Amino acid sequence: MAALYRFVGTVSWWLGVLSLVAGFVMKFVRPTGIHSLGMIPHNLLFFAGVLFLCTLATRTMERSEAMKT
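Engineer: Teacher, can you tell me more about the overall build of the protein here?
Structural biologist: Along the backbone of the protein there are two helices and zero strands. Taking contacts inside the protein between residues at least 6 apart in sequence as the whole, the part at least 24 apart equals 69%. Summed over all atoms, the accessible surface of the protein reaches about 5,200 Å², with 74% contributed by carbon and sulfur.

Engineer: Looking at this structure, how should I read the side chain of Ser-19?
Structural biologist: By the secondary structure assignment, Ser-19 is in helix H1 (residues 2–29). Those residues in contact with Ser-19 that lie beyond four places of it in its chain are Leu-44, Phe-47, Ala-48 and Leu-51.

Engineer: Any chance you could explain H1 here in plain terms?
Structural biologist: Owing to its 3.6 residues per turn, the α-helix brings residues three or four apart onto one side. The end-to-end C-alpha distance of H1 is 40 Å, a good match for the 40 Å that 28 residues give at a rise of 1.5 Å each. The secondary structure elements touched by the buried residues of H1 are helix H2 (41–68). Immediately beyond the C-terminal end of H1, within one or two residues, lies Arg-30, with a positive phi of roughly 55°.

Engineer: Would you take a moment to explain the environment of Ala-22 for this structure?
Structural biologist: As for its placement among the helices and strands, Ala-22 is situated in helix H1. Judged by its relative accessible area of 29%, Ala-22 falls in the partly exposed class. Considering only alpha carbons, one finds Ala-22 and Leu-45, 23 residues apart in sequence, at a separation of 8.4 Å.

Conventions and cut-offs
- Residues numbered from 1 in each chain as written.
- Predicted model: local features only at pLDDT ≥ 70, side-chain atom pairs only at ≥ 80, totals over all residues.
- Heavy atoms only, no water.
- Helix = DSSP H or I, 4+ residues; strand = E, 2+ residues; numbered from the N terminus.
- Contact = heavy atoms within 4.5 Å.
- Areas by Shrake-Rupley, 256 points an atom, 1.4 Å probe, with all protein chains shown as cover.
- Expected span 1.5 Å × (residues − 1).
- Buried < 20%, exposed > 50% of the residue type's maximum accessible area, 1.4 Å probe, protein only.

In structure tokens:
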């Protein structure tokens, strides 16, 4: 189970970094036609925050699992 927690934490952290970078790039570059896809910078930055919170929660679950054994 610890390996699953580690995998989920790592994936959510990297996706959060990717979303954060994409959100800032979109905020400053302002590509045309991307708003029709629903990908506005605010949404990407919000999603990055959610992924970072997922990383924190996963690390907490991993630590609590390790404390049990």
